[in-house]
Amino acid sequence: MNESALREHICECGRSLHDRGLATGSSGNISVRLADGWLLTPTNASLGRLDPARLSKLDREGNLVSGDPPSKEAFLHRAVYAERTAANAIIHLHSTHAAAVSCMAGLDACDCIPPLTAYFVMKVGRLPLIPYHRPGDPALADAVRGLAARHRALLLANHGPVVSGADLDSTLYAAEELEETAKLFLLLRGAPTRPLDAAQIAELTAAFKLEP
Ligand SMILES: [Zn+2]
């Protein structure tokens, strides 16, 4: 996909997330890696009304090359791209159910959401928790860097998920799967639940050649 098609595709994904209530107000941001940097949704922009020509274009170091000023969460994307060289797209949301889980006390910091379904294991994998940081705290980038190499998706405490993938479509599907599984997790609270066991996860990992 060339840059102009990628720009259109980012706006289309943003509209889809917004129209389904997964990105409200000006929350959420989407980026795609380019040969010479990356495209990111601008700061204070609704994902429902993005303009392909005004997306922020950043160089590899995260400096603005063209377009509107980037999302204040650009550093999250930069930290993930630095650690995940095969990642070409990142979606960060404040989606309701995943954000609700991110606020729960007593989460397993290595697996915030248990492996309830095969599709969660296949599209998201293990979901570690990044401890709470105030918006814009540079220490958040360090915390993300520490875990991003080993995880496709991360959950920021009291905030929301950051999901990466090989392309924008697969990243979008993973972000949606994460949100839906967060909803299942909340629905099942208090009910005896049987997550997939280690052998079932190992079978999926081998059958679908899953990478961390
Ligand atoms: Zn955020």
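The written sequence of each chain sets the order in which its residues are numbered from 1. Given that this is a predicted model, residues contribute local features only at a pLDDT of at least 70 and side-chain atom pairs are listed and counted only at 80 or more, while totals for whole chains, interfaces and linings are drawn from all residues. Here the side-chain values reflect all heavy atoms present in the structure, with hydrogen atoms and water set aside.

Turning to the sheet that holds strand S8 (residues 160-165), a few remarks are in order. On the basis of which strands lie adjacent, the open sheet formed by 8 strands has the order S4-S3-S2-S1-S5-S8-S7-S6 and mixed pairing. In this open sheet, the two edge strands, each paired with only one partner strand, are strand S4 (64-66) and strand S6 (129-130). Pairing between two strands is assigned when DSSP locates at least 2 bridges connecting them. Strands here mean DSSP runs of E at least two residues long; helices mean DSSP runs of H or I at least four residues long; both are numbered from the N terminus. Sheet analysis places strand S3 (residues 56-59) next to S4, joined by 2 bridges and oriented antiparallel. Its bridge partner lying in S4, Lys57 is registered against Ser66. Between two residues, a contact is recorded if the distance between any of their heavy atoms is within 4.5 Å. To get an axis, a line is fitted to the C-alpha atoms, and for a helix only the part in contact is used. The angle between two axes follows their N-to-C directions and goes from 0 to 180 degrees. Across the sheet, helix H6 (residues 168-187) is in contact with strand S1 (29-34), strand S5 (89-92), strand S7 (153-156) and S8; its angle to S8 comes to roughly 150°.

On to the pairing of S5, then. With burial as the criterion, each face of S5 is covered, one bearing Ala89 and Ile91 and the other bearing Ile90 and His92. Bridging between S5 and S8 involves 4 bridges; their strand directions are antiparallel. Among the inter-strand pairings, Ile90 is bridged to a residue of S8, identified as Ser164. Partly exposed describes any residue whose relative accessible area lies between the buried limit of under 20% and the exposed limit of over 50%, with all areas from a 1.4 Å probe on protein chains only and scaled to the type maximum.

Glancing now at H6. The span you would expect from a helix comes to 1.5 Å times its residue count less one. Across its 20 residues, H6 extends 29 Å between first and last C-alpha, which sits within 8% of the 28 Å expected from 1.5 Å per residue. Of the positions making up H6, those classed as buried are Leu168, Thr171, Leu172, Ala174, Ala175, Glu176, Leu178, Glu179, Thr181, Ala182, Phe185 and Leu186. The distance from a side-chain oxygen at the start of H6 to the backbone nitrogen of Asp169 is 3.3 Å, and the residue carrying that oxygen is Asp167. Any N or O atom pair separated by 3.5 Å or less is treated as a polar contact, with the protein-specific requirement of one donor-capable and one acceptor-capable atom, and with residues adjacent in sequence counted only for side-chain atom pairs.

Here the idea is plain: a probe the size of a water molecule rolls over the atoms and shows the empty space left. Any residue with an atom within 4 Å of a point lines the site, the site being either a cavity, points on a 1 Å grid over the protein atoms alone where a 1.4 Å probe fits but cannot get out, or a pocket, an open set with protein on both sides within 12 Å along at least 5 of 7 lines. Grid points are joined across faces, edges and corners, and a volume is the space filled by probe spheres set on the points. Quantified by volume, the largest pocket comes out at close to 470 Å³. Counting only elements with at least two residues in the lining of the largest pocket, the list comes to helix H4 (118-123), S8 and H6. Residues of the lining of the largest pocket, tallied by class, amount to 10 nonpolar, 5 polar and 5 charged. For this classification, Asp, Glu, Lys and Arg are treated as charged, while Ala, Val, Leu, Ile, Met, Phe, Trp, Tyr, Cys and Pro are nonpolar and the rest, including Gly, are polar.

Our next topic: the nonpolar core. In this structure, Leu17, Ile113 and Leu178 are the most contacted members of the largest nonpolar core, which totals 40 residues. Looking at this core, the elements that each hand over two or more residues are helix H1 (3-19), S1, S5, helix H3 (96-102), S7 and H6. The element best represented in this core is H6, accounting for 8 residues. Setting aside residues up to four positions removed in sequence, Ile113 forms contacts with Val101, Phe120, Leu127, Leu178, Thr181, Ala182 and Phe185. In these notes, a set of buried Ala, Val, Leu, Ile, Met, Phe, Trp, Tyr and Cys residues joined through side-chain atoms within 4.5 Å is what counts as a nonpolar core.

This next bit is on the UniProt feature "domain: Class II aldolase/adducin N-terminal" (unreviewed entry) in the protein. UniProt positions are given in the numbering used here, feature names are shortened, and annotations may be inferred rather than shown by experiment. Mapped onto the present numbering, the UniProt feature "domain: Class II aldolase/adducin N-terminal" (unreviewed entry) falls on residues 8-186. Helix makes up 36% of residues 8-186 and strand 18%. Its end C-alpha atoms lie 34 Å apart.

What follows is about the packing of aromatic side chains. How two aromatic rings sit relative to each other is given by the distance of their centres and the angle of their planes. In this analysis, rings of Phe, Tyr and Trp, with Trp reduced to its six-membered ring, are considered paired at centre separations within 6.5 Å, and the interplanar angle assigns stacked below 30 degrees, edge-to-face beyond 60, and tilted for intermediate values. Using the criterion set out here, one finds 1 aromatic pair in the structure. Aromatic side chains Trp38 and Tyr81 sit 5.6 Å apart centroid to centroid with 55° between the ring planes, which places their arrangement in the tilted category. Placement of Trp38 in strand S2 (residues 37-40) and of Tyr81 in helix H2 (residues 74-83) is noted, with a sequence separation of 43 residues between them. The pair Trp38 / Tyr81 is uniform in exposure class, with both members buried.

Coordination of the zinc ion by the protein involves Glu73 (OE), Glu73 (OE), His92 (NE2), His94 (NE2) and His159 (NE2), with metal-donor separations of 2.0 to 2.7 Å. Each metal site lists N, O and S donors within 2.8 Å (3.2 Å for Na, K and Ca). With water left out of the atoms, a site can look as if it is missing ligands. Coordination of the zinc ion draws on donor residues from a single chain, spaced E-x18-H-x1-H-x64-H in sequence. Residue Glu73 is found in the loop between S4 and H2, and its partner His94 is found in the loop between S5 and H3; the two are separated by 21 residues along the sequence. Note on His94: relative accessible area 32%, which makes it partly exposed.

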